[in-house]
Amino acid sequence: MKPALAEIVNRAQTLFDDLDLKAVHAWKEAEPGRKAIGHMPIYVPRELIHAAGMLPVGIVGGGDRLEIIRGDAYFQSYICHIPRSTIELALSHRLDVLDGMLFPSICDVIRNLSGMWTILFPDRYVRYVDVPQNFDPQAGGTYWRHELEILREDLGRLAQRPITDVALRQSIAIYNENRSAIRELYEARSEQPWFFPTSEVYLMLRAGNVLPPEDHTALLRAYLQQAPLEDDRSDQDQSRIVLVGMFCELPPLGLLLTLERAGCWVVGDDLLLGLRWLLAAVPTAGDPLGNLVDAFLRHSAPTASRYMPEGGRGRWLVESVRRNNAEGVVFCAPSFCDPALLEQPMLIAALDRAGIPHTQFKYSEDTGQFAVIREQAGTFSDSIRLWSQA
Amino acid sequence: MNTSLSKKQTAPEDAQKEPSMLLQKQMIGSHYDALARAHEEGRKVVYTFVPGNLTELIRSFDMLPVLPEINALQSGMRKLSADYIAEAEKHGHSEDVCTYVKCDIGMLKKGNVGPTGKKLPPPDLLLLSYTGCFTFMKWFELLRQEYDCPVAMLHVPYQADGQIHDHHRDYILQQLRTEVIPKFEQVTGRRYDEDRLREMLRLSAQAEDDLVWVLESARNVPSPIDAYFGGVYYIGPMFSAFRGTPEGLEYYRTLRREVEARVRAGLGPITPEGQLGKERYRLVMEGPPNWTSFREFWKMFHEEGAVVVASSYTKVGGLYDRGFRHDPSRPLESLADYCSGCYTNLGLPTRVELLEHYIRHFRADGFMINSVKSCNSFSVGQLLMLRQLEERTGVPGGFIESDLVDPRYFSAANIKNRIESYLQMLEQKRAAKAQA
C-alpha cells in the first residue's frame, strides 16, 4: 500500500480501534465549552446536533475488542449483543465524554435501552427519537416536525445557544456534502470493488461516527482519490454480492475480511445506514426544519426498521442487486435481531421470484471464529461463478 | 415443600371453573362461530392486535376482529403451537424471533384452523395497530404477503416519558381520520357512525369500572383473585373482541358479583385445582405468562399458597386501574389515549413506577419477573427493573425465564426450583423479621 493510502487507512483504523473515544475528547478539548451527543443506529437528524455546535457521535457497541464485564448482568442471553456492549462502554466510563444520548426507533431493544439509560444516568440528556412510520405529510410529517422542534429546543438548551435557521441550513449543506461523498464511494466500489474493498470502506464509514462531518468528507474524498492508485489491486474472479442485515449491530472487521477472502466482492450493503439515510440532497433554501421533515418522508433509505407495506423492501433489494450488477445476496444478520430476521423470509421470497441466489448466516459483534462462514461464503461464491459460466 | 397446603385443596380431575369462566368460554366459542360464518353472512373481518386495539370502532362498522396473539396463546394452551412453530421455521422463519408470529404463520400454513377447530376466515382488512411492539409491523408485512387485502396502519408513538403529548394524540387522530376510518368505510361500504361508536364506548366504560373493581379487590387479605393467572381470564373479553358489547358488560357484572361473594366469604381465588387454601405469599408479577404449560405454571405458585395480587401483563391492553376510561364524549380522542397508554407502550421508568406502586398498594411480599424469550418489548430492561424495584421498595424480587408459546423454552424443573427457592427466601425473611 502506498504511503498516502496507508496514512488514510491507518487513521480510520485508529479511530475504529479507539473504544475510549479519544477523538471526541480531543475535539471537545480543542475549544472550551464544546459538547458531544451520542446516538445509536440508525437515523437521527445529525444536522440538528451539528447546528447547535455540538459533535454527533455514532455509538455502535463495543465490537469484538471489548470485554463484557458488567453488561451481561443487564441482559438475558436471548437478547442481541449491541445493548450489552453499549451498557458496558457506559458503565466503564468510556461514554462519559458524551453530554447526551439519542436512541432512534430501530426496534424494541434500542427503545428499551433508552429507558435503561434514563434510569442509569439520570443526570444526562436522553431522548428516544421516535421517527414516524406513517409517511403522509399531514400525519407523519406534522408529527415529525413537532418531534424535531422539541429536539431542536432541547439541543439548543444543552448547547446554551439556540439553533438558528442559518446554522441549520449550513449544517444541512455540510451533511449533503458528506452523504454525497459516501454515495460516490459506494458507486466507485460498485464499479471497481477491487480498488475499494469493503473491509476498508467500512473503516472509512466508521470514521464518520466520531469525526466532524467536514473532516469525514475530506477523509472520504482523499480515500476515493488514493485507493485507485494502488497498482496491486486488480479485478479478480470473485462474485459480486449484496450484504443485508448489518444496519445496527455491526459485524467484526474479520467477518468482512473473511467474505472477501472467500471470493466475494461486496458491491452493496446496509452498513452504517444512518450516515446515508437520506437518499437525496436536502434543500438548503427555505425552511430548514421543513426540509429535513420532507427529506425523511420522501427520501428515507429502505430498511427493516421501517414500515414498508406491499413488499416494498423485497422490490428494493432486487433493484439494489440489479443496480449494482450483483450476482447474489448474503443475508448476514446479528443473532436475535428482530427487524433483520423477521423480514428475511419476505426478502428471500422476493429474491426467489427474481431468480437471485442467496445464502444466510448469523453473527454477533464479538464473533471470533470465521471458519464456517468462510466455508459457506466460499461455497456460495463458487456456486455463483459456476452457474454464471454455465 | 408445603404439601399439607396442597392437600387442603380440592383436586378435581378437570380444572375447576368459575361461572364467569364458563360464560367467557361460551362467548369466545360464539365469537369463533361468528367468524366462521362471517363471510357467508356478508360480514367483514379485521385482523388486528391486542395492544391499541380499536374494538369499538371495528364493531361500529359491524366488522369482527381476529386477534393473532389470542389465536397463538389459545394454540399454546391447546398444545398446538409446537407444530405451528415448527411449520413456520420450516418456511424459513428464524428460531430467534417471536413465537407468536411463528405460531400464527404456522397456523396459517396449516390451513388457518382456529383454536376451536373452525377455520378462520381470511381478513378483509389488516389493521396494524403499531402499539408498543416493533414486531407487530413485520408481522403484518408478513401476513400481507399471504392475503390480498388492504392494510390500515396506525402508528402509536411511544410514551418514553410516560406522558401523552398533544402532538402524539393529534398524530393518532389524524391517522384515525385519514387512514383507518376511510379504509373501514371502503371495506364495509358503510359510513362512520360516531353516535354508534359513542354508545359502544359508553358500554366499554361501564365494563371497565367493573374490571377495575375486580383488580382492586386484590387489596383484600386474602385476595379473592389471582391477578395474573386468574387475571388473564378477567382481561380476556376486555382485551379482545367484547369491549363495547352488551355481552362484555354482562361478563364483567357477573365476574364482579362472583368476586364480591368471595370477598364477603373471606375466600381466596379459585385455581384449576379448586379453592385456594391459606394465602401465604402476595406477589406482583411482571411479564407475560407461559401458555404451553399454563396450568402447570400456575400450580407452581398456588400449591405454595402464592397469590399474584397485581400484574403488568394484565395491562397490555390498557391501564384502566390508573384511571383511564373510554369516553363517549370524546370518542376518537379517547381511543387515541387508550392506545398510547397500553403497558408496553410506556417507557421503562414509568413501568418501574407502576410496579413499585403495585407492590406498595397491594402490600406485596415480593415480586417476580417471568422473562419471555419471544418478547423484547417486555424483556429488555427487566434485569434493571428487578434491581430498581428491590432498591426502591426493599421487597425482594425473583426472576424466571420461559417463553410465550414455544414449549422448548419451558423448563418445568428449573422454573419450579427457582420459584420454590424464592418463596423459601421470602419465608426466611419473614421469620427473621418476626424474631427481630
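This is a predicted model, so every value here is computed, not measured. (Residues numbered from 1 in each chain as written. Chains lettered and ligands numbered in written order. Predicted model: local features only at pLDDT ≥ 70, side-chain atom pairs only at ≥ 80, totals over all residues.)

1. Points about the overall build of chain B
Each helix and strand in chain B was counted, giving 18 helices and ten strands. Taken against the 2.2 N^0.38 rule, which gives 22 Å for 436 residues, the C-alpha radius of gyration of chain B at 21 Å falls within 12% of a compact globule. With the principal axes as the frame, chain B shows a C-alpha extent of 70 × 50 × 40 Å. Looking at chain B as a whole, 56% of its 436 residues qualify as buried. (Helix = DSSP H or I, 4+ residues; strand = E, 2+ residues; numbered from the N terminus. Rg over C-alpha atoms; globule rule 2.2 N^0.38 Å. Buried ≥ 20, exposed ≤ 12 C-beta atoms within 10 Å, placed from the backbone.)

2. Structural notes on the sheet that holds strand E10 (residues 397–402) of chain B
Sheets are built from strands that pair by backbone hydrogen bonding, the pairs being arranged parallel or antiparallel. Residues and elements named next belong to chain B. Pairing is parallel across the open sheet formed by four strands, whose spatial order is E8-E7-E9-E10. The open sheet has two edge strands with one neighbour each: strand E8 (306–311) and E10. Between one strand axis and the next, the sheet turns by 30 degrees as a mean value, whatever way the strands run. The sheet contact formed by strand E7 (residues 281–286) and E8 spans five bridges and is parallel. The residue of E8 that forms the bridge with Val 284 is Ala 310. (Pairing = 2+ DSSP bridges. Axes fitted to C-alpha atoms, helices over the stretch in contact; angles between N-to-C directions.)

3. As for the interface of chain A and chain B
In this complex, chain A contributes 46 residues to the contact, which on the side of chain B involves 42 residues. In the side of chain A that touches chain B, the residues fall into 26 nonpolar, 13 polar and seven charged. (Contact = placed C-beta atoms within 7 Å. Nonpolar A, V, L, I, M, F, W, Y, C, P; charged D, E, K, R; others polar.)

4. Some thoughts on helix H11 (residues 288–299) of chain A
One turn of the α-helix equals 3.6 residues, which is why residues spaced by three or four share an orientation. Residues and elements named next belong to chain A. When the terminal C-alpha atoms of H11 are compared, their 15 Å separation across twelve residues agrees well with the 16 Å that a helix rising 1.5 Å per residue should span. Of all the positions in H11, only Pro 288, Leu 289, Leu 292, Val 293, Ala 295 and Phe 296 are classed as buried. Along H11, the residues classed as buried sweep out an arc of 160 degrees about the axis, all on the same side. On its buried face, H11 is in contact with helix H3 (46–51), helix H6 (137–159) and helix H7 (165–191). (Expected span 1.5 Å × (residues − 1). Arc of directions from axis to C-beta.)

5. Structural notes on the environment of Ser 340 of chain B
Residue and element names in this part refer to chain B. As for its placement among the helices and strands, Ser 340 is situated in helix H14 (residues 331–340). On the neighbour-count criterion, Ser 340 (24 C-beta atoms within 10 Å) is buried. Distance in space between the C-alpha atoms of Ser 340 and Asp 406 is 29 Å, their sequence separation being 66 residues. Discounting chain neighbours no more than four positions away, the residues touching Ser 340 are Val 156, Gln 159, Ile 164, His 168 and Asn 345.

6. Some remarks on helix H4 (residues 82–91) of chain A
Residue and element names in this part refer to chain A. Of all ten residues making up H4, nine are buried, and the element is well covered by its neighbours. For H4, the complete set of buried residues consists of Ile 82, Pro 83, Arg 84, Ser 85, Thr 86, Ile 87, Glu 88, Leu 89 and Ala 90. Buried residues along H4 sit against helix H5 (108–120). In the segment just after H4, His 93 is the residue with positive phi, at about 65 degrees.

7. Some thoughts on the packing of helix H2 (residues 19–38) of chain B against helix H12 (residues 246–265) of chain B
All names here are of chain B. Following both chains from N to C, one finds H2 and H12 inclined at 165 degrees, their axes separated by 9 Å at the closest point. Classified by the angle between their axes, H2 and H12 sit roughly antiparallel to one another. Viewed along their axes, H2 and H12 form a crossing whose handedness is left-handed. Residues Pro 19, Ser 20, Leu 23, Gln 24 and Met 27 of H2 pack against Glu 247, Tyr 251, Thr 254, Leu 255 and Glu 258 of H12. (Parallel < 35°, antiparallel > 145°, perpendicular 65-115°, else oblique. Left-handed = near helix turned anticlockwise from the far one by under 90°.)

8. A short note on the confidence of the model for chain B
Residue and element names in this part refer to chain B. Averaged over all residues, the pLDDT of chain B is 94; the fraction at 70 or higher stands at 97%. The model gives residues 1–12 a pLDDT under 50, and that stretch makes 20 contacts with residues more than four places away or in other chains. Across the interface, the model reports ipTM at 0.95; the global pTM reads 0.96. (pLDDT = per-residue confidence, 0-100.)

9. A word on the packing of helix H8 (residues 198–207) of chain A against helix H10 (residues 253–261) of chain A
Residues and elements named next belong to chain A. Following both chains from N to C, one finds H8 and H10 inclined at 150 degrees, their axes separated by 8 Å at the closest point. Between H8 and H10, the interaxial angle falls into the category roughly antiparallel. Here Thr 198, Ser 199 and Tyr 202 of H8 lie close against H10, whose contacting residues are Leu 253, Leu 256, Leu 257 and Glu 260. Looking at the contact of H8 with H10, its residues break down into four nonpolar, two polar and one charged.

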